[in-house]
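Summary of structural features
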Amino acid sequence: MGKKGIGGTLQSRFRRFFMGKYTALLAALVSILLFPLIIFCGVKSGGIDLSGIYDLLIRIVLICTLLYSLKTHKLFLMQAALVGLIFCMLCVQSQLALGLMENQDSEIYITMGLQGFVFLACERMLLFIQSFFCVSHFIIHSSKKQKTIRVSLNQVALLFLLGILIVQLCIAHTLSFEWSYILYLWTLHLDELFIFILIACAELILMIDQEEYIGGKSNG
């Protein structure tokens, strides 16, 4: 199988998973159900304050709006909810990577060994990828013509982001913090994982719609 065949197979698998009948619904339900746990663990560990709780409430509204727009195929509402949710996730990650963890001495993570260093590095990497994904989203959906390479980069960025979140979930329990704080980090990243699966579902539908629109104009 050539490079084109391998790329086509990966893209078809990407589409099948994120276009699944229940993928978006399950991702939305799990992410919302995790919010009480995030708040409980965050308050107990001191990792979350009122602004963080308010942010979670905004996320619930945006998730419900995005899920509704996916089910009713209201593309303008989907785009609005998607942009809001992407910015919301970016703000949360920046607060975590550049705020909460910046206030903790980096040596704390380094003295934990390899897992502490990797966890800290992955948090910064998550911020970078989310920033790239945010900029890429606007470039793709504001351009008059859809560029295949831009869409592919966005899909790769999403998959890479999901992969790093899984790594963080595997590492979090090995960190030498109090269990309440570890559970806060774990539930927070698990929630982010499902939210970005939901975002990927919406991104794919918007991409397909734009492809159909451009194809219809070229045929017309």
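Residues numbered from 1 in each chain as written. Predicted model: local features only at pLDDT ≥ 70, side-chain atom pairs only at ≥ 80, totals over all residues. Heavy atoms only, no water.

Section: the pattern of salt bridges
Opposite charge on two side chains makes pairing possible when the charged atoms of those side chains draw close. In plain terms, the rule: Throughout this description, the term salt bridge denotes a Lys or Arg side-chain nitrogen within 4 Å of a carboxyl oxygen of Asp or Glu. Helix and strand assignments come from DSSP, with helices taken as H or I runs of at least 4 residues and strands as E runs of at least 2, each series counted from the N terminus.
Taken as a whole and assessed by the stated rule, the structure comprises 2 salt bridges. Between aspartate 55 and arginine 59 there is a salt bridge whose closest N-O contact spans 3.3 Å. Of this pair, aspartate 55 and arginine 59 both sit in helix 3 (residues 50-72), separated by 4 residues, roughly a single helical turn. With a shortest N-O distance of 3.1 Å, aspartate 191 and arginine 59 are connected by a salt bridge. Here arginine 59 lies in helix 3 and aspartate 191 lies in helix 8 (residues 179-219), a separation of 132 residues in the sequence. Where salt bridges share partners, they join Asp55, Arg59 and Asp191 into one cluster.

Considering the packing of helix 2 (residues 23-45) against helix 3
To keep it simple, the criterion reads: All axes here are fitted lines through C-alpha atoms, helices being fitted over the stretch that makes contact, and every angle between N-to-C directions spans 0 to 180 degrees. Note on terminology: angles under 35 degrees are roughly parallel, angles over 145 are roughly antiparallel, angles of 65 to 115 are roughly perpendicular, and the others are oblique. Only heavy atoms matter for contacts: two residues are in contact if any of them lie within 4.5 Å across the pair. For this scheme, ten residues count as nonpolar: Ala, Val, Leu, Ile, Met, Phe, Trp, Tyr, Cys and Pro. Four count as charged, namely Asp, Glu, Lys and Arg, and the remainder, Gly too, count as polar.
Running from N to C, helix 2 and helix 3 point in directions that differ by 175 degrees, and their axes come no closer than 10 Å. Taken together, the axes of helix 2 and helix 3 lie roughly antiparallel to each other. Residues Ala24, Leu25, Ala28, Ser31, Ile32, Phe35, Ile38, Ile39 and Val43 of helix 2 form the contact with helix 3, whose participating residues are Ile53, Leu56, Arg59, Ile60, Ile63, Cys64, Leu67, Leu70 and Lys71. Across the contact of helix 2 with helix 3, the residue classes break down as 15 nonpolar, 1 polar and 2 charged.

Here we look at the nonpolar core
Under the convention used in this document: By convention a nonpolar core is built from buried Ala, Val, Leu, Ile, Met, Phe, Trp, Tyr and Cys residues, the set being connected through side-chain atoms within 4.5 Å. For each residue, the accessible area found with a 1.4 Å probe, counting protein chains only, is set against the maximum for its type, and the residue is called buried under 20%, exposed over 50%, and partly exposed in between.
In this structure, Leu66, Leu70, Tyr184, Phe196, Leu198 and Ile199 are the most contacted members of the largest nonpolar core, which totals 66 residues. Broken down by element, this core gets its largest block of residues, 20 residues, from helix 8.

A short note on a nonpolar patch on the surface
Definition in use: Each patch is built from residues that are more than 30% exposed by relative accessible area and take part in no salt bridge. Like charges join if they lie within 9 Å; nonpolar side chains (Val, Leu, Ile, Met, Phe, Trp, Tyr) join within 5 Å. The Shrake-Rupley method, run with a 1.4 Å probe sphere, supplies the accessible areas, and residue values consider only the shown protein chains as cover.
A cluster of nonpolar residues, Met125, Phe128, Phe132, Leu153 and Phe160, forms a patch on the protein surface that exposes about 500 Å² of accessible area. For the nonpolar patch, the leading source of residues is helix 6 (residues 114-142), giving 3 residues. The residue phenylalanine 132 is located in helix 6 in this model. Given the relative accessible area of 36%, phenylalanine 132 is considered partly exposed.

Observations regarding unusual backbone geometry
Positive phi, close to 55 degrees, is recorded for histidine 73, a residue that is not glycine. Along the chain, histidine 73 turns up in the loop between helix 3 and helix 4 (75-103).

Considerations on helix 2
As a reminder, the rule being used: The span one expects for a helix is its residue count, reduced by one, times 1.5 Å.
A rise of 1.5 Å per residue sets the reference length of helix 2, with its 23 residues, at 33 Å; its end C-alpha atoms lie 32 Å apart and thus fit the reference within 8%. One or two steps after helix 2, the chain reaches glycine 46, where phi turns positive at roughly 80 degrees.

Side note on the packing of aromatic side chains
Worth spelling out the cut-off: Pairing of aromatic side chains requires ring centres within 6.5 Å, counting the rings of Phe and Tyr and the six-membered ring of Trp. Pairs whose planes differ by under 30 degrees are stacked, by over 60 edge-to-face, and all others tilted.
Taken as a whole, this structure holds 2 aromatic pairs when the rule is applied. Here phenylalanine 177 and tyrosine 181 contribute two aromatic rings whose centre-to-centre distance is 5.0 Å and whose plane-to-plane angle is 80 degrees, an arrangement assigned as edge-to-face. Here the two residues phenylalanine 177 and tyrosine 181 agree in accessibility, since each one is buried. Both rings, one in tyrosine 181 and one in tyrosine 184, keep their centres 6.3 Å apart while their planes meet at 40 degrees; by these two values the pair is tilted. Taken as a pair, tyrosine 181 and tyrosine 184 lie in helix 8 at a separation of 3 residues, close to a single helical turn. For tyrosine 181, a relative accessible area of 8% gives the class buried.

Regarding the side chain of glutamine 168
Residue placement: glutamine 168 occurs in helix 7 (residues 148-172). In this view, glutamine 168 contacts Val118, Phe119, Cys122, Glu123, Leu126 and His189; residues no more than four positions away in its chain are not counted.

Quick look at helix 3
With 23 residues, helix 3 ought to run about 33 Å at 1.5 Å a step, and its terminal C-alpha atoms sit 33 Å apart, in line with that. Those residues of helix 3 lying buried are Gly52, Asp55, Leu56, Arg59, Leu62, Ile63, Leu66, Leu67, Ser69 and Leu70. Histidine 73 lies just past helix 3 and shows a positive phi near 55 degrees.

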